[in-house]
Amino acid sequence: MVCESLVRSRTFKKLFYVMIILFVRIYPVFMDQGEDIPHNEVRNWALKFGVDLWQYGKLLTRMNELQRKYHDENIKVARKDGLILIRDMAKEVQNMMSFKIEAVRRITESAEQAALTPQTDNGQPFRYYNAKRLNSFGPDGRPAEGTREMTLTPNPHFDHLPVNTSLSTVLIPPNVEDYDAEVTNAIQWSEHLDPLFIHNYEDDPSLSWQFFGSSTGFLRRYPGIAWPPEDMSTVWQRPRNSRNVYDFRSSAWYVSAATSPKDIVILIDNSGSMSGHKSNLARATTESILNTLGDNDFVNVYKFSDITEETVPCFKDMLVQANNENVRWLKESLATFKSENIANFTAALVTGFEILHKYNRTGQGCQCNQAIMLITDGPPSSYKEIFKTYNFPHHPVRIFTYLVGKDSSSVHEMHWMACANKGYYTRIENFDEINEKVLHYIEVLARPMVMYQTDHPIQWTPAYVGGRADSFLNDKVGQLMTTVTTPVFDRRNHTVRVANLQGVVGTDVSIDQIKKLVPPYKLGVNGYSFIINNNGHVLYHPDLRPLQSNELYEDTLEPQYISVDLTEVELVENENGPRENHSVLLDLRFEMIQQKEGETELAVKIHYDNVRRVTTRRHKYFYTPIEGTPFSLGLAIPEHYGMFELLAEQEIKHSQRNVTDYFKGNNWKVHPDWVYCEYTSGTSGEQWFRTAEERVLHFLSRSRRPGWKWMSLRPRSPSQREHHHQTTKKDKDAYFCDKNLVQSLVLDAMVTEELERHNTRTEDTQQGHQIFGLTLTFVATRSGLLRWTDHVSPGEKPPQPHFSETNVKAMDETWYKRAVDQHSIEPESFVFSVPFDSNLQENPLITATHAVFVEHNDHRVPAAVVGLQYQHSKLASLFQNITSKCAETCHKTCASDKLDCYVLDNNGFVIISEKTEHTGQFFGQIDGTIMDSLVQDRIYKRITVYDYQGACTNSKSHYSADGYKVKPFDPIKSFFKYLLKFLILLMAKIQVAYGTAIAYAQDEEIIYSDYDTNFEYPNGEDVMGEQDPIIPPPYTNTPSFVPPYESDPMEGVDMGQFGVRPCDRKVDLYVLQPDKLNVSGQSDPLKGKLTNCHVTACERPFSVQKIPYSNLILLVVDTLCPCGSKQFSIAPQELIYDTGNGGCLHKPKDSLYRRRPPKCINYHPEESEINICGKASTTAVSIASLIIISVMHYILALLS
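Residues numbered from 1 in each chain as written. Predicted model: local features only at pLDDT ≥ 70, side-chain atom pairs only at ≥ 80, totals over all residues. Heavy atoms only, no water.

The chain goes by VWFA domain-containing protein in an unreviewed UniProt entry, where it is assigned to Zophobas morio. Comment text from UniProt for the chain, heading Subcellular location (unreviewed entry), reads "Membrane". (UniProt positions renumbered as here; feature names shortened; annotations may be inferred.)

Caption draft 1: The arrangement of the overall build of the chain in detail. When helices and strands are counted, the chain shows 31 helices and 40 strands. Expressed as a percentage of the 1200 residues in the chain, the buried residues total 54%. A sequence separation of at least 24 residues applies to 76% of the contacts in the chain between residues at least 6 apart. Accessible area of the chain: about 54600 Å², with a carbon and sulfur share of 51%. (Helix = DSSP H or I, 4+ residues; strand = E, 2+ residues; numbered from the N terminus. Buried < 20%, exposed > 50% of the residue type's maximum accessible area, 1.4 Å probe, protein only. Contact = heavy atoms within 4.5 Å. Areas by Shrake-Rupley, 256 points an atom, 1.4 Å probe, with all protein chains shown as cover.)

Caption draft 2: The arrangement of unusual backbone geometry in detail. Tyr222 connects to Pro223 through a cis peptide bond whose omega is 0 degrees. A cis amide bond links Trp227 to the next residue, Pro228, at an omega of 0 degrees. Here Pro228 is to be found in the loop between β6 (219-222) and α7 (252-258). The backbone of Arg579 shows a phi angle near 60 degrees, a positive value even though the residue is not glycine. Structurally, Arg579 is set in the loop between β20 (571-572) and α19 (583-593).

Caption draft 3: The arrangement of the confidence of the model for the chain in detail. On average, the chain scores 84 in pLDDT, and the residues at 70 or more come to 80%. Low pLDDT, under 50, characterises residues 722-729; the predicted model gives this stretch seven contacts beyond four residues in sequence or across chains. Low pLDDT, under 50, characterises residues 1179-1184; the stretch is placed with seven contacts to residues that sit more than four places away or in other chains. (pLDDT = per-residue confidence, 0-100.)

Caption draft 4: Examining the pairing of strand β33 (residues 899-904) more closely. Most of β33 is tucked away: five of the six residues are buried. Bridge count between β33 and strand β39 (residues 1113-1118): six bridges; the pairing is antiparallel. Residue Cys901 lies in a different strand from β39, and its bridge partner there is Val1116. (Pairing = 2+ DSSP bridges.)

Caption draft 5: How the structure looks around the side chain of Lys262. Structurally, Lys262 can be placed in strand β7 (residues 262-269). Residue classification places Lys262 among the buried residues on the basis of a relative accessible area of 2%. Of the polar contacts made by the side chain of Lys262, one reaches the side chain of Thr259; its length is 3.0 Å. The contacts of Lys262, once residues within four sequence positions are left out, are Val255, Leu293, Asn296, Asp297, Phe298, Cys366, Asn369, Tyr441 and Leu445. (Polar contact = N/O pair within 3.5 Å; in protein donor to acceptor, adjacent residues only side chain to side chain.)

Caption draft 6: Geometry of the state of the cysteines. The full count for this structure, using the stated rule, is six disulfides. There is a disulfide in this structure between Cys368 and Cys1160, and the S-S distance comes to 1.9 Å. Handedness of the Cys368-Cys1160 disulfide follows from its S-S torsion of about 95 degrees: it is right-handed. Of this pair, Cys368 sits in the loop between α10 (345-361) and β11 (369-376) while Cys1160 is found in the loop between β40 (1133-1134) and α31 (1183-1199), placing the two residues 792 residues apart along the sequence. Through a disulfide, Cys952 is tied to Cys1063; the S-S separation comes to 1.8 Å. Here the S-S torsion is close to 75 degrees, and the disulfide linking Cys952 with Cys1063 is therefore right-handed. Linking Cys952 in strand β35 (residues 940-953) with Cys1063 in strand β36 (residues 1060-1072), this pair joins segments that are 111 residues apart in sequence. (Disulfide = S-S within 2.5 Å.)

Caption draft 7: Here's a closer look at the sheet that holds β40. Judged by pairing direction, the sheet is antiparallel, and its three strands sit side by side in the order β35-β36-β40 without closing on themselves. At either end of the open sheet lies a strand with only one pairing partner, and these are β35 and β40. Sheet topology note: the β36/β40 ladder contains two bridges and is antiparallel. Looking across to β40, one finds that Lys1066 is bridged to Gln1133. Across the sheet, helix α27 (residues 928-936) is in contact with β35 and β36; its angle to β35 comes to roughly 120 degrees. (Axes fitted to C-alpha atoms, helices over the stretch in contact; angles between N-to-C directions.)

Caption draft 8: Structural context of α10. In this model α10 runs 24 Å from its N-terminal to its C-terminal C-alpha over 17 residues, within 8% of the 24 Å that 1.5 Å per residue would give. Listing the buried residues of α10 in full gives Phe345, Ala348, Leu349, Gly352, Phe353, Ile355, Leu356, His357 and Tyr359. Packing partners of the buried residues in α10 comprise β7, β8 (298-304), β9 (308-310), β11, α11 (384-390) and β12 (398-404). Two to three positions downstream of the cap, the backbone nitrogen of Thr346 sits 3.3 Å from a side-chain oxygen, assigning the N-cap of α10 to Asn344. (Expected span 1.5 Å × (residues − 1).)

Caption draft 9: Spatial organisation of the environment of His698. Along the chain, His698 falls in helix α20 (residues 692-702). On the accessibility criterion, His698 (23% relative accessible area) is partly exposed. A C-alpha to C-alpha distance of 9.3 Å links His698 and Cys677, two positions 21 residues apart in sequence. Apart from residues no more than four positions distant in its own chain, His698 is found in contact with Tyr679 and Phe689. Here Tyr679 takes part through its side chain, which lies 2.7 Å from a polar atom of the side chain of His698.

Have a look at this one:
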């Protein structure tokens, strides 16, 4: 028994020792898992880091002293009356626009009179200022042959280009010849417009380019300019043909002035005979027609063979507004054509008439002009019964016919269709003649307006990106522009009844000039203005982000118009889904389009920093019409602080000190785009200032002179003057000064200058630089003043680029706006941010800003924003020092490998991390699993933003497995295809030569058809009009035979495969919800834990603590459990819609309300007397040749 008990005792001891050893081994793991994260220390770390930054920032920015100094002045806080404010602003915009309209009308009257004056012919060659033949000199320094000299001086007002303000110049597109008699005559008489151009510019120096676009194809533009404009080199160095002016006659500013709105149905023959070259001609013709349409027009494109169907399936049974988006979809649909079967012209024509009649009956579309464009290689009949049924006797629908290809056997049918239906017949054989021949339909639609002679409708174009802005900023990017135009009629008497358009006159209007009249300082921080037109499209808006650059405009003067709707820039907070518009927003849009006055409220999403950050805000909206224009002005002002304004000014005349003393030194700037004072006369406009600060100092000095007056009222337009007398030339020193803004600027300068004089102690600054890495303190005020102080060690250079070079727009800067918004969340706090590309910078900086509010009568408004910039490395070191210590015993700190610690901002971006490469990145890309948990715990709120102005790349792949298969007969097939194409082209050349010989040998034969005898068919002389002179072809070294591969530029080309395209995008952004975390930082951190994220069933705890006095949180994550990490992306993703409507992948905007233009001139009772409807000539064609060509085409199709 004793032995047995002894054995048991020894066994128990062995087990006991084993248990102890196991306990010693396992205990640390249990301790680590048990302790998880030292939550109390996390709270202490966040508290110390936040308090240290707040106390130091408060000391260095002297925010309390700045607030006290404002209160020491005689300040008032007054409630804004939004309706009174917007009425005054709308009157100023209306006055400015009236100036432009009056200028255009004066040019119209002068042009119509000048065209009546007979031009003298002294037998000498007519010389004029051709923009492409200016100041060209040979190697000997003498002017080159055909050139003229003109003094050109760079002018910031005109795109910073060299111009001559005493003359205009003529710009001629490549397809227009100046030796044509009509062109020469129009160039000659239009020279008489120069004195009026000059007078208009002197009367209104804010006028931009003035021009006359002749219907013959040239553009006379004032002031005079060389083309290419910036190229002033010698003639042998100048690439004369590299940049040509586009043919403006297809542009919206020309077409909308020349014609009233129109509903267009384009019918394209897609039958088997329309293959190859003819199909490409038809598509190019369609695209040319589409290019002439604008936002006031409606259109659809149908292809027909045995059936007739829309080229865009989701445009079924409808006409769509010819905005950029819809026109792009229609153009892209042309690439899907496949010629097959036999054309059913009856069904196609009936479809066209039915849709037009339906729109006319139901009040849809433009309710003005209606037309069918028929594009085919020839119908078998004239289909008179269809036209008699649908269009006779009143011809509500005009018919324009386009016969494509070499076959002329159907000329008389196509000619009859057009002439019997108030249209125009056109024959198209080559690509280079398409644009010119499409323009005939514009001449026809202009006839009723020309025949009335009295009404010259004023037209405003949509916005577009024009030349470089007249700004003090160095970027000189393209500026938003609009154009106001009106038609010029031919009032001459002709032997044959005609109704000719002489052209269109107009002037470009800088939208920056419009925005100057709606001063942002009156709206306050986070307030903004916008303008929409009768289509609901914005003329300008802070979220308008044009996809197009101004490269095409600078190269050719061709504008690319923007049709962004109000619903695409005002993003409602609680929207149901993409393009599911909120009723209140639609009501606002409707009222503005109807040009009513009113106000409303709406909660919206505002995004910053290229759609990386988002916030929500409730706005009050005020709106009113701009009388005499299609525009309405809107204001959006934040609730609460936005509805009050700070009235604090320093009266300059009563100032004891010279006010320029407040602006000493080089450490201050003013908002470069705000108008404090400016000269308003053309001659004084030559006193250009290098900087906005120079201009402010100039006028402040003038204000001290005797007799100074505040010229705070801009000149009135003739329509707003009490007495409509002749305007006199303005005083060369005429100027405008915004008294309220200037005196507010002086008071802000006075307050901040005193702060600078009593600057912080040097030892505080040095200590701050060593501990916090302070490099800069600054203050920006509500008057646009920025003042800064560099805090760098002696001999150390400030960071480059300097803060003052890229942050000069005060309340328009993102850090200013965010600081003001943060004040309502946590009044005593800084907003911290880092650049998104911090991981690519050598020494990134952290910017911290705080809004200084002032109070009066219990109302608080923001007066300024103070800020600091820290070296990121120093602040990160401070953070690491704080988080590597524990007040009590702890086993884990941020310095250990067991914890990862992050400082995140209120949008989830990393401010500080142990890995510097994380700086500036969105945390969801680093650890999406934890970010997802933070969202699930409602620490961050996910906000979906729909970007309706997105840009998506075209990533279409055309590779297939067949591409890698070797096909031995392919070379033989290719040879035969080439040979057949060669023979077809040769036969076509022979036919053309044969037809030309016939045409010269005999008079043109007009083919008459038997149809309604009441219709007076024109005779040959009426149709032909004046014979164009036959110009011998210029000598060229190029061979007459062109290889077939160059003759069809559209063949096989997918027009949408290159570059970027507009698209809708979706992105999920995140906003901190501080209510979920105690703002004071005194409560315990929010504890979280990831479970079941690994096969070992381990857990991954984390701790979140609000960092007090900031927009930051401290996130501490345990690293022991190797949980997998998914990623959250904030990169926008393209939205692919499935509307269930023919598989259409976008949502049409045509259901949105629009208001038609007020005038429609589409009928004149005497138009039937005009018998010009296109030339119809035929030549004998060899039947054998046609058979041979047809057989060749058939064989070629088989080989393909």
